[in-house]
Amino acid sequence: MDLTIIVPTYNEGPNVVELLTRIGAAMTDREFEVLFVDDSTDDTPAVVRAAAAASPFPVRMLHREEPTAGLGGAVVEGFRMAQSRWCLVMDGDLQHPPETIPSLLARAEAGDVDVVVASRYAAGGTSKGLADATRTTVSRVSNLLTKSMFPRKLHGCSDPMTGFFLVDREAFDVEALRPRGFKILLEVLARRQLRIAEVPFNFDERHAGASKASFTQGVRFLSQLAMLRFGRMSAFALVGGFGAIVNLLIMWGLIRLGVEYVVAAVIASELTIIGNFLLLEYLVFADMRSESGRMRHRFVKSFVFNNVEAAVRIPVMWVLVEGTHLSAVFAAALTLVAAFIVRFVFHALVVYAPRHTGAPVAVSDPPAVRVRVDP
């Protein structure tokens, strides 16, 4: 079986030589290439070039000056550039031991699966490389939540959150993937029903460097989960619901401080308009940003529209309060719900619409730096 090993990296220079050495030792007598997709801001690209020059097997690198979609986006670029039908994805920090690769290949060579998952939670696997009990708990709870939302597609997969897996590139549509951070396997498995097998592995300690896990990555994971399960409108609704709650809390607090309710509604609306725009930028419409112009232009369109909407909604709220004697907060809630669909349609079709650039322009493949080629 020919193989492309895709390694997304971000400031992993100290791990590169050890990673390639161990891959080579584990892959004796096999045909394969290693493809680094690098988003680093340090000297990692230079380290990869130097290590590749001494490598007995082919190594390629794509360094992305303007990374999009995080680690998941890097893996998708790797899928596009891979020269092999089968692609193995692994981290560059050696928490995914290269010595497990032959076991993944052996399982795939049985010919009855599309993806082989290296699982921390299958019998025989361990998650000792997780930093502490908190991260272990978060990992297991995230797994349970994910499996509960995709019970059929993730049946038989104990670790859909792993970043260590082997997949047949012909079994899924690379262009349909919409990665949002770390969890690219979830994106692959949730898009299409695939035949899954597992191989246990020991999730090791990092060889060098620091973990990239963060609160932001956690938020992106939840957004990805919502988008995969319910679609963009539901993710928009989650952001809108959160903004509505914040809007009502701000309004309630200002009224308690003696601010007149219409003024309180205006202040609350302005603050939540800005907050909601940032959430839409980085969670709901993140995959559409690169084709929809500059961020400041999107902000102006969103801000103007939402203020026009508020200029209509707040007088309606006033009519409800004065004419039907509803409470101000309840009337505001009714008008926020009514505005939801109009907001979604405007943002999807106007704010984040692809730019019209006139005559079509040919787009070439992203440049790849071939830093090692077999004779």
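Not measured: the values here are computed from a predicted model.

### Regarding the pattern of salt bridges
Taken as a whole and assessed by the stated rule, the structure comprises 16 salt bridges. The salt bridge involving Arg30 is made with Glu109; its shortest N-O contact spans 3.0 Å. Here Arg30, found in the loop between helix 1 (13-26) and strand 2 (32-38), pairs with Glu109, found in the loop between helix 4 (101-108) and strand 5 (115-119); they are 79 residues apart in sequence, far enough to count as distant. When its relative accessible area of 39% is taken as the criterion, Glu109 is described as partly exposed. Salt-bridge contacts for Glu309 lead to Arg343; the nearest nitrogen and oxygen are separated by 2.7 Å. Pair noted here: Glu309 is in helix 10 (residues 295-324) and Arg343 is in helix 11 (residues 328-351), with a separation of 34 residues, a long-range link.

### Structural notes on the packing of aromatic side chains
Under the counting rule described, the total for this entry stands at 9 aromatic pairs. Between Phe236 and Phe285, the ring centres sit 6.3 Å apart and the planes meet at 70 degrees, which makes this aromatic pair edge-to-face. Highlighted residues: Phe236 in helix 8 (residues 232-256) and Phe285 in the loop between helix 9 (261-284) and helix 10, separated in sequence by 49 residues. Take Phe236: its relative accessible area is 5%, and that puts it in the buried class. Residue Phe285 is classed as buried on the basis of its relative accessible area of 0%. With centroids separated by 4.4 Å and ring planes inclined at 10 degrees, the aromatic side chains of Phe285 and Tyr352 adopt a geometry described as stacked.

### Side note on the packing of helix 1 against helix 2 (residues 44-53)
Close contact between helix 1 and helix 2 brings their axes to 8 Å; oriented N to C, the two are set at 20 degrees. One way to sum up the angle between helix 1 and helix 2 is to call them roughly parallel. Crossing angle aside, the handedness with which helix 1 passes helix 2 is right-handed. Of the residues in helix 2, those touching helix 1 at Gly13, Val16, Val17 and Leu20 are Thr44, Val47, Val48 and Ala51. In the contact of helix 1 with helix 2, the residues fall into 6 nonpolar, 2 polar and no charged.

### Quick look at the environment of Ala74
Relative to the helices and strands, Ala74 resides in helix 3 (residues 70-81). On the accessibility criterion, Ala74 (1% relative accessible area) is buried. Ala74 sits 10 residues away from Arg64 along the chain, and the two C-alpha atoms are 8.4 Å apart. Among residues more than four places away in sequence, those in contact with Ala74 are Pro8, Val37, Asp39 and Arg64.

### A short note on the confidence of the model for the protein chain
Residues of the protein chain with pLDDT of at least 70 account for 85%, and the chain-wide mean is 84. Within the model, pLDDT remains below 50 along residues 357-375, and this stretch shows 29 contacts once partners closer than five positions in the same chain are excluded.

### Re the side chain of Thr4
Within the element layout of this structure, Thr4 appears in strand 1 (residues 3-9). Polar side-chain contacts of Thr4 include one of 3.4 Å to the backbone nitrogen of Gln83. Not counting residues up to four positions away in its chain, the partners in contact with Thr4 are Glu33, Leu35, Ala82, Gln83, Ser84, Trp86, Cys87 and Leu88.

### Points about helix 2
Considered for burial, the residues of helix 2 that qualify are Thr44, Pro45, Val48, Ala51 and Ala52. Down the axis of helix 2, the buried set is contained in an arc of 130 degrees. They therefore lie on one face. Turned more than 90 degrees away from the buried face of helix 2 sit Ala50 and Ala53, all of them exposed.

### Describing helix 6 (residues 184-191)
A large share of helix 6 lies buried, amounting to 7 of its 8 residues. The complete set of buried residues in helix 6 reads Ile184, Leu185, Leu186, Glu187, Val188, Leu189 and Ala190.

### Quick look at the nonpolar core
In terms of nonpolar packing, the biggest core is built from 34 residues, with Leu3, Ile5, Val34 and Phe36 touching the most fellow members. If we skip the residues at most four places from it in the chain, Phe36 touches Val7, Thr9, Val16, Leu19, Leu20, Val48, Val59, Arg60, Met61 and Leu62. Ranked by size, the runner-up nonpolar core spans 33 residues in total, among them Leu62, Ala74, Cys87 and Phe150.

Cut-offs used in this document
Residues numbered from 1 in each chain as written. Predicted model: local features only at pLDDT ≥ 70, side-chain atom pairs only at ≥ 80, totals over all residues. Heavy atoms only, no water. Salt bridge = Lys/Arg side-chain N within 4 Å of Asp/Glu carboxyl O. Helix = DSSP H or I, 4+ residues; strand = E, 2+ residues; numbered from the N terminus. Buried < 20%, exposed > 50% of the residue type's maximum accessible area, 1.4 Å probe, protein only. Phe/Tyr/Trp six-rings, centres within 6.5 Å; stacked < 30°, edge-to-face > 60°. Axes fitted to C-alpha atoms, helices over the stretch in contact; angles between N-to-C directions. Parallel < 35°, antiparallel > 145°, perpendicular 65-115°, else oblique. Left-handed = near helix turned anticlockwise from the far one by under 90°. Contact = heavy atoms within 4.5 Å. Nonpolar A, V, L, I, M, F, W, Y, C, P; charged D, E, K, R; others polar. pLDDT = per-residue confidence, 0-100. Polar contact = N/O pair within 3.5 Å; in protein donor to acceptor, adjacent residues only side chain to side chain. Arc of directions from axis to C-beta. Core = buried A, V, L, I, M, F, W, Y, C linked by side-chain atoms within 4.5 Å.

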